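Now for the letters of each chain:
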Amino acid sequence: MNFRPGPGRADERLAFSLGGRRDVTRAASHEDPERRSGPPSPAAASAASARLDRPAPAEPRDWAFTWTLIFTAVLFFRPQDVFPPLEALHLAEMSAIGGLVSLIVGRLARRQSLTRMTPEFVGVLALGAIILITAPFSIWFGGAVSVFTDLYLKVALVYLLAVNVLVSPKRIERLTWVLVLAIGYLAFRAVFDYARGVNLIANGTRVRGAVGGLMENPNDLALHMVVFLPLALFMAMRPGSILQRLVAASAGVFMLGAIVASGSRGGFIGFVIMVIVLAVFAARQRPAVVVAGVLAVMCALPLVPSQYWRRLASITDSSKDDYSTSDARKRLFGEAWDAFVDNPITGVGAGQFKNYKPLERAEAWHETHNIWLQVAAELGIFGLAVFTFLVVRAFTAVWHTRRLLARLRVAAAAGLKPRGPFSRPLPAAPEISADDATLLDAHSAAMAAALVGFVVCAFFSSVAYNWTFYYLLALTAAPRDILRERTPSLAARRRAAAAAPVLELDPRGARV
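Visitor: When you look at the packing of aromatic side chains in this model, what are you seeing that I'm missing?
Guide: Remark: the centre distance and the inter-plane angle together describe each pair of aromatic rings, the angle taken between the planes. Scanning the entire structure with this criterion turns up 16 aromatic pairs. Here Phe387 and Phe469 contribute two aromatic rings whose centre-to-centre distance is 5.5 Å and whose plane-to-plane angle is 50 degrees, an arrangement assigned as tilted. Of this pair, Phe387 sits in helix H16 (residues 371-414) while Phe469 sits in helix H18 (residues 467-486), placing them 82 residues apart in sequence. Taking relative accessible area as the criterion, Phe387 reaches 1% and is therefore assigned buried. Against the face of Phe353 rests Arg361, its NZ or CZ located 4.1 Å from the ring centre.

Right, dumping it as structure tokens:
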């Protein structure tokens, strides 16, 4: 990245950055020709880089953010599964309530509105409204309402917390750490169980999640490993203590092991495509890291169990599918499509596809095992449109983040300044440190890979109302919003420079 590094980071480079001198040159080619005609003045360049090099200010304690971290830890670690008496305490609900109360009190004390409204948050609320609106037309009203009250309402409330508390790069990093540690712990448990031969299904060839809830199913377990593996690698390559980087790297290794232990074919496909996306980002800055990763995977291939290769072979050869799950999944896809065609406006109700015409279906009492067909069959065309909007917004948020960072690189390298000695001053330069910009750049690359992994794996899972995607949505939208709030519009600065009056002197000293 071409920000000037702070003290002690003179040789720091990004692991997943598309930035670099080529990006600066390409972006600078779109600037005003008069500003490109010569180098910036030393004062202008110094002012721009000084603002980028300033350390991030210390953050005041925010209990709403603290409760959000606690809720996330409880949600994924699920301590009540290890210590059943904790179930009576309803730790997740209590931490969510604590966060909401702290958020409301804090924003009212600062004379702010109750919440920030973003397009993504509006989409989350709209999807919840569709779940409720379509409930009276579902095949089981109470079941559809239960999906909202028992699951999706909590998702919406926690997203409300996230959209208000993820207001700095440091907070994004802390939430990412909690997620990496939690998923890394569950990955370790899965690998350990597989090695011991416990908690297995399919004649001992596939491991289930060690805790209930989100990752008890092997396919859902693999999905989470694929999604959070890029974040583990991001934390492992972040500048920091050796211990922190070792912990993150170990979490990544266990996630990879859990993908194999789960025996999920969808997880394998998602992993391969996710790795390709991640390699595209990494290869531009650290090709040696990509080569080392390829060599490490090749060395690890002999350790993969033979039954895993047989299961992967069944992707293209159904004769090697010992349980005929591929054929069953194809029938489910067809039945889900039929449910959507029969109920295109309202669907059959949130979470109700498994109850839809159980006597007439060949695969009764099963989920769709496809997130798009799940939303279409259960919520109809409007639910599908809103969910598609949210997925698209997640990807565009990553794109906007990287675009804003590229503009900041141009501002730091070239320095925008008035065109004449009597011009009005431009708006302030970007108010973001080089370390924060570096973090957001690497984080956005990891999130791009995580989103791709989720979309591919979700093609084989029914997880539309679960937490995972909405955490990804919050973690992709927050960096974009932070950059927009902390940096002035570079386009506005260029317009201000162009509109400023320019007074020049002719060779005889007279004003023109």
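Visitor: Help me out: how do you make sense of the environment of Ser168 in this one?
Guide: Note on placement: Ser168 falls in the loop between helix H8 (141-165) and helix H9 (169-196). Sequence separation of Ser168 and Ala478 is 310 residues, and the distance between their C-alpha atoms is 8.2 Å.

Visitor: Help me understand helix H15 (residues 325-342), please; the structure alone is not making it clear to me.
Guide: One turn of an α-helix holds 3.6 residues; hence residues three or four places apart share an orientation. Taking 1.5 Å as the rise per residue, H15 with 18 residues should run 26 Å; its terminal C-alpha atoms sit 25 Å apart, in good agreement. Where H15 is concerned, the buried positions are Ser326, Ala328, Arg329, Leu332, Phe333, Glu335, Ala336, Ala339 and Phe340.

Visitor: So what exactly am I meant to see when it comes to a nonpolar patch on the surface here?
Guide: Where nonpolar side chains cluster on the molecular surface, the patch consists of Val291, Val294, Leu295, Val297, Met298, Leu301 and Trp309 and spans about 630 Å² of accessible area. Take the nonpolar patch: its biggest share by element is five residues, from helix H13 (residues 287-300). Mapped onto the secondary structure, Val294 falls in helix H13.

Visitor: Help me understand unusual backbone geometry in this model?
Guide: Leaving glycine out, the prevailing phi sign among residues is negative, and the prevailing peptide bond configuration is trans. Backbone geometry at Arg78 places phi at a positive 50 degrees, although glycine is not the residue there. Relative to the helices and strands, Arg78 resides in the loop between helix H4 (63-77) and helix H5 (79-82).

Visitor: I'm lost on the packing of helix H7 (residues 119-134) against H8 in this one. Help?
Guide: For any two helices packed against each other, one specifies the crossing angle of their axes together with the interaxial distance. Interaxial distance between H7 and H8 falls to 10 Å at its minimum, and their mutual angle equals 170 degrees. Regarding the angle of H7 to H8, the classification is roughly antiparallel. Mapping the contact onto sequence places Glu120, Phe121, Val124, Leu127, Gly128, Ile131 and Leu132 in H7 and Ala144, Phe148, Tyr152, Ala156, Tyr159 and Leu160 in H8.

Calculation criteria
- Residues numbered from 1 in each chain as written.
- Predicted model: local features only at pLDDT ≥ 70, side-chain atom pairs only at ≥ 80, totals over all residues.
- Heavy atoms only, no water.
- Phe/Tyr/Trp six-rings, centres within 6.5 Å; stacked < 30°, edge-to-face > 60°.
- Helix = DSSP H or I, 4+ residues; strand = E, 2+ residues; numbered from the N terminus.
- Buried < 20%, exposed > 50% of the residue type's maximum accessible area, 1.4 Å probe, protein only.
- Lys NZ or Arg CZ within 6 Å of the ring centre and 35° of its normal.
- Expected span 1.5 Å × (residues − 1).
- Patch = residues over 30% accessible without salt bridge, like charges linked within 9 Å, V, L, I, M, F, W, Y side chains within 5 Å.
- Areas by Shrake-Rupley, 256 points an atom, 1.4 Å probe, with all protein chains shown as cover.
- Salt bridge = Lys/Arg side-chain N within 4 Å of Asp/Glu carboxyl O.
- Axes fitted to C-alpha atoms, helices over the stretch in contact; angles between N-to-C directions.
- Parallel < 35°, antiparallel > 145°, perpendicular 65-115°, else oblique.
- Contact = heavy atoms within 4.5 Å.

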